[in-house]
Amino acid sequence: LGDIQGDDEQGANLGAVGDALSSYRKALAMLDALPASSGGERERAVERLGLWRRIATAEARGRGADQGLAAFAQTLAVGKALLAQYPGDQAVRQLYAEALLEAARWRREALDYPGSLAAAREARDLLAALAAAGPDPSRSVALADAESAVGMALGRLGDLPEALA
(Lines give C-alpha, C1' and ligand atoms only; values in the text may rest on other atoms or scores of the structure.)
Protein backbone atom coordinates (compact mmCIF):
# COMPACT_ATOMS: atom_id res chain seq x y z
CA LEU A 1 0.00 0.00 0.00
CA GLY A 2 2.83 2.40 0.86
CA ASP A 3 4.34 1.92 -2.60
CA ILE A 4 1.08 2.96 -4.24
CA GLN A 5 0.64 5.91 -1.88
CA GLY A 6 3.97 7.57 -2.39
CA ASP A 7 6.93 5.55 -3.68
CA ASP A 8 7.91 7.21 -6.94
CA GLU A 9 10.30 4.37 -7.80
CA GLN A 10 7.21 2.22 -8.39
CA GLY A 11 6.00 4.46 -11.22
CA ALA A 12 2.50 5.77 -10.73
CA ASN A 13 1.57 6.65 -7.16
CA LEU A 14 -0.75 8.97 -5.28
CA GLY A 15 2.02 11.35 -4.19
CA ALA A 16 1.08 10.91 -0.55
CA VAL A 17 4.50 10.45 1.03
CA GLY A 18 3.18 10.93 4.56
CA ASP A 19 0.57 8.21 4.02
CA ALA A 20 3.20 5.94 2.50
CA LEU A 21 5.47 6.44 5.51
CA SER A 22 2.58 5.65 7.82
CA SER A 23 1.83 2.44 5.90
CA TYR A 24 5.49 1.37 5.96
CA ARG A 25 5.68 2.01 9.70
CA LYS A 26 2.48 0.03 10.30
CA ALA A 27 3.95 -2.87 8.33
CA LEU A 28 7.13 -2.61 10.39
CA ALA A 29 5.11 -2.69 13.63
CA MET A 30 3.21 -5.76 12.42
CA LEU A 31 6.49 -7.52 11.61
CA ASP A 32 7.90 -6.66 15.01
CA ALA A 33 4.74 -7.93 16.72
CA LEU A 34 5.04 -11.42 15.23
CA PRO A 35 6.17 -13.95 17.84
CA ALA A 36 9.58 -15.50 17.27
CA SER A 37 7.96 -18.92 17.52
CA SER A 38 6.07 -18.29 14.27
CA GLY A 39 9.26 -19.08 12.29
CA GLY A 40 10.61 -17.33 9.21
CA GLU A 41 13.06 -15.19 11.17
CA ARG A 42 15.33 -14.59 8.18
CA GLU A 43 12.43 -13.67 5.91
CA ARG A 44 11.06 -11.22 8.49
CA ALA A 45 14.51 -9.69 8.93
CA VAL A 46 14.90 -9.26 5.17
CA GLU A 47 11.44 -7.69 4.96
CA ARG A 48 12.34 -5.36 7.85
CA LEU A 49 15.43 -4.19 5.96
CA GLY A 50 13.33 -3.59 2.84
CA LEU A 51 10.78 -1.58 4.82
CA TRP A 52 13.47 0.56 6.43
CA ARG A 53 14.98 1.22 3.00
CA ARG A 54 11.56 2.32 1.70
CA ILE A 55 11.07 4.54 4.75
CA ALA A 56 14.47 6.16 4.30
CA THR A 57 13.98 6.71 0.57
CA ALA A 58 10.50 8.15 1.08
CA GLU A 59 11.82 10.43 3.85
CA ALA A 60 14.63 11.65 1.58
CA ARG A 61 12.39 12.24 -1.43
CA GLY A 62 9.48 13.72 0.46
CA ARG A 63 11.14 15.57 3.31
CA GLY A 64 14.70 16.18 2.20
CA ALA A 65 18.07 14.49 2.29
CA ASP A 66 18.70 15.25 5.97
CA GLN A 67 15.48 13.48 7.07
CA GLY A 68 16.28 10.61 4.75
CA LEU A 69 19.82 10.25 6.05
CA ALA A 70 18.56 9.91 9.60
CA ALA A 71 16.33 7.06 8.43
CA PHE A 72 19.18 5.57 6.38
CA ALA A 73 21.27 5.38 9.56
CA GLN A 74 18.60 3.06 10.98
CA THR A 75 18.35 1.18 7.67
CA LEU A 76 22.08 0.51 7.59
CA ALA A 77 22.12 -0.54 11.25
CA VAL A 78 19.37 -3.07 10.50
CA GLY A 79 21.27 -4.21 7.40
CA LYS A 80 24.58 -4.56 9.23
CA ALA A 81 22.94 -6.66 11.96
CA LEU A 82 21.25 -8.82 9.31
CA LEU A 83 24.56 -9.26 7.49
CA ALA A 84 26.25 -10.30 10.75
CA GLN A 85 23.48 -12.81 11.40
CA TYR A 86 23.53 -14.25 7.86
CA PRO A 87 27.07 -13.51 6.55
CA GLY A 88 26.99 -16.01 3.69
CA ASP A 89 23.50 -15.17 2.45
CA GLN A 90 23.88 -13.62 -1.00
CA ALA A 91 20.40 -12.06 -1.03
CA VAL A 92 21.09 -10.36 2.31
CA ARG A 93 24.45 -9.12 1.05
CA GLN A 94 22.84 -7.67 -2.06
CA LEU A 95 20.02 -5.98 -0.13
CA TYR A 96 22.49 -4.42 2.26
CA ALA A 97 24.73 -3.29 -0.61
CA GLU A 98 21.75 -1.71 -2.38
CA ALA A 99 20.79 0.12 0.83
CA LEU A 100 24.37 1.38 1.10
CA LEU A 101 24.23 2.54 -2.50
CA GLU A 102 20.99 4.45 -1.91
CA ALA A 103 22.49 6.01 1.24
CA ALA A 104 25.55 7.04 -0.81
CA ARG A 105 23.26 8.79 -3.28
CA TRP A 106 21.51 10.78 -0.55
CA ARG A 107 24.78 11.62 1.18
CA ARG A 108 25.96 13.05 -2.14
CA GLU A 109 22.70 15.05 -2.39
CA ALA A 110 23.38 16.41 1.11
CA LEU A 111 26.92 17.39 -0.01
CA ASP A 112 28.52 14.80 2.30
CA TYR A 113 30.99 13.60 -0.30
CA PRO A 114 33.31 11.69 2.08
CA GLY A 115 30.29 9.84 3.53
CA SER A 116 28.99 9.18 0.04
CA LEU A 117 32.35 7.79 -1.04
CA ALA A 118 32.63 5.49 1.99
CA ALA A 119 29.12 4.06 1.47
CA ALA A 120 29.62 3.68 -2.28
CA ARG A 121 32.94 1.89 -1.81
CA GLU A 122 31.47 -0.51 0.73
CA ALA A 123 28.56 -1.22 -1.63
CA ARG A 124 30.93 -1.71 -4.56
CA ASP A 125 33.08 -4.17 -2.60
CA LEU A 126 30.06 -6.24 -1.53
CA LEU A 127 28.61 -6.21 -5.04
CA ALA A 128 31.95 -7.09 -6.67
CA ALA A 129 32.22 -10.15 -4.44
CA LEU A 130 28.66 -11.14 -5.35
CA ALA A 131 29.32 -10.63 -9.07
CA ALA A 132 32.39 -12.86 -8.81
CA ALA A 133 30.19 -15.61 -7.35
CA GLY A 134 28.25 -15.93 -10.58
CA PRO A 135 26.46 -14.01 -13.30
CA ASP A 136 23.28 -12.20 -12.37
CA PRO A 137 22.00 -9.20 -14.36
CA SER A 138 20.68 -7.35 -11.29
CA ARG A 139 24.06 -7.69 -9.57
CA SER A 140 25.84 -6.42 -12.67
CA VAL A 141 23.59 -3.36 -12.83
CA ALA A 142 23.99 -2.69 -9.10
CA LEU A 143 27.78 -3.06 -9.40
CA ALA A 144 27.84 -0.58 -12.31
CA ASP A 145 25.76 1.84 -10.21
CA ALA A 146 28.19 1.45 -7.32
CA GLU A 147 31.20 2.09 -9.58
CA SER A 148 29.44 5.20 -10.87
CA ALA A 149 28.66 6.38 -7.31
CA VAL A 150 32.31 5.97 -6.33
CA GLY A 151 33.38 7.96 -9.37
CA MET A 152 30.86 10.75 -8.70
CA ALA A 153 31.96 11.07 -5.08
CA LEU A 154 35.63 11.11 -6.05
CA GLY A 155 34.89 13.74 -8.68
CA ARG A 156 33.08 15.92 -6.12
CA LEU A 157 36.05 15.53 -3.78
CA GLY A 158 38.35 16.79 -6.56
CA ASP A 159 40.11 13.48 -7.19
CA LEU A 160 39.47 13.36 -10.93
CA PRO A 161 42.36 11.03 -11.82
CA GLU A 162 41.05 8.31 -9.50
CA ALA A 163 37.45 9.03 -10.51
CA LEU A 164 38.35 8.45 -14.16
CA ALA A 165 40.49 5.38 -13.46
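As a reminder, the structure under discussion sits directly above these lines.
Residues numbered from 1 in each chain as written. Predicted model: local features only at pLDDT ≥ 70, side-chain atom pairs only at ≥ 80, totals over all residues. Heavy atoms only, no water.

**Structural notes on the overall build of the protein**
Regarding its fold elements, the protein presents eight helices and zero strands. Mapped in sequence order, the helices and strands of the protein form the string α-α-α-α-α-α-α-α. Taking 15 Å as the expected radius of gyration for a compact globule of 165 residues, we find that the protein reaches 16 Å, a close match to that expectation. C-alpha extents for the protein along the principal axes are approximately 50 × 35 × 25 Å. Looking at the protein as a whole, 42% of its 165 residues qualify as buried. For the protein, restricting intrachain contacts to residue pairs at least 6 apart in sequence, the fraction spanning at least 24 positions comes to 55%. Looking at the protein as shown, the accessible area adds up to about 8,400 Å², and 56% of this sits on carbon and sulfur atoms. The average position of the 18 basic charges and that of the 23 acidic charges among the side chains of the protein differ by 2 Å. (Helix = DSSP H or I, 4+ residues; strand = E, 2+ residues; numbered from the N terminus. Rg over C-alpha atoms; globule rule 2.2 N^0.38 Å. Buried < 20%, exposed > 50% of the residue type's maximum accessible area, 1.4 Å probe, protein only. Contact = heavy atoms within 4.5 Å. Areas by Shrake-Rupley, 256 points an atom, 1.4 Å probe, with all protein chains shown as cover. Lys, Arg positive; Asp, Glu negative; His and termini not counted. Charge placed at Lys NZ, Arg CZ, Asp CG, Glu CD.)

**Some thoughts on the packing of helix H2 (residues 17-33) against helix H3 (residues 41-63)**
It is at 10 Å that the axes of H2 and H3 come closest, and there the two elements cross at 160°. Our classification of the angle between H2 and H3 gives roughly antiparallel. At the point where H2 passes H3, the crossing takes the left-handed sense. Residues Val17, Gly18, Leu21, Tyr24, Arg25, Ala27, Leu28, Leu31 and Asp32 of H2 form the contact with H3, whose own contacting residues are Arg44, Glu47, Arg48, Leu51, Trp52, Arg54, Ile55, Ala58, Glu59, Gly62 and Arg63. Classifying every residue of the contact of H2 with H3 by side-chain character gives ten nonpolar, two polar and eight charged. (Axes fitted to C-alpha atoms, helices over the stretch in contact; angles between N-to-C directions. Parallel < 35°, antiparallel > 145°, perpendicular 65-115°, else oblique. Left-handed = near helix turned anticlockwise from the far one by under 90°. Nonpolar A, V, L, I, M, F, W, Y, C, P; charged D, E, K, R; others polar.)

**Points about the pattern of salt bridges**
The final tally for this structure, using the stated rule, is ten salt bridges. The residue Arg124 makes a salt bridge to Asp125 at a minimum N-O spacing of 3.5 Å. The class for Asp125 is partly exposed, based on a relative accessible area of 46%. Linked through salt bridges whose partners overlap, the residues forming this network are Arg25, Glu59 and Arg63. (Salt bridge = Lys/Arg side-chain N within 4 Å of Asp/Glu carboxyl O.)

**Structural notes on helix H4 (residues 65-85)**
For H4, with 21 residues, the first-to-last C-alpha span of 29 Å sits near the 30 Å given by 1.5 Å per residue. Within H4 the residues assigned to the buried category are Ala65, Gly68, Leu69, Ala71, Phe72, Thr75, Leu76, Val78, Gly79, Leu82 and Leu83. On the buried face of H4, the contacting elements are H3 and helix H5 (90-109). (Expected span 1.5 Å × (residues − 1).)

**As for the side chain of Arg44**
Structurally, the position occupied by Arg44 is in helix H3. Excluding residues within four positions of it along the chain, Arg44 makes contact with Leu31, Leu34, Pro35, Ala36, Ser38 and Gly39.

**What about the nonpolar core?**
When a protein is soluble and globular, its nonpolar side chains tend to lie buried together. Judged by nonpolar contacts, the single largest core of 46 residues is most densely connected at Ile55, Leu82, Leu100 and Leu127. Among the secondary structure elements, those contributing two or more residues to this core are H2, H3, H4, H5, helix H6 (113-133) and helix H7 (137-156). Those residues in contact with Leu100 that lie beyond four places of it in its chain are Leu76, Ala119, Glu122, Ala123 and Leu126. (Core = buried A, V, L, I, M, F, W, Y, C linked by side-chain atoms within 4.5 Å.)

**Focus: unusual backbone geometry**
The phi torsion of most residues other than glycine is negative, and most of the peptide bonds are trans. Even without being a glycine, Leu111 presents a positive backbone phi close to 70°. In this fold, Leu111 is placed in the loop between H5 and H6.

**Brief notes about the side chain of Glu102**
Relative to the assigned elements, Glu102 resides in helix H5. With relative accessibility at 9%, the residue Glu102 sits in the buried group. Polar side-chain contacts of Glu102 include one of 3.0 Å to the side chain of Trp106. (Polar contact = N/O pair within 3.5 Å; in protein donor to acceptor, adjacent residues only side chain to side chain.)

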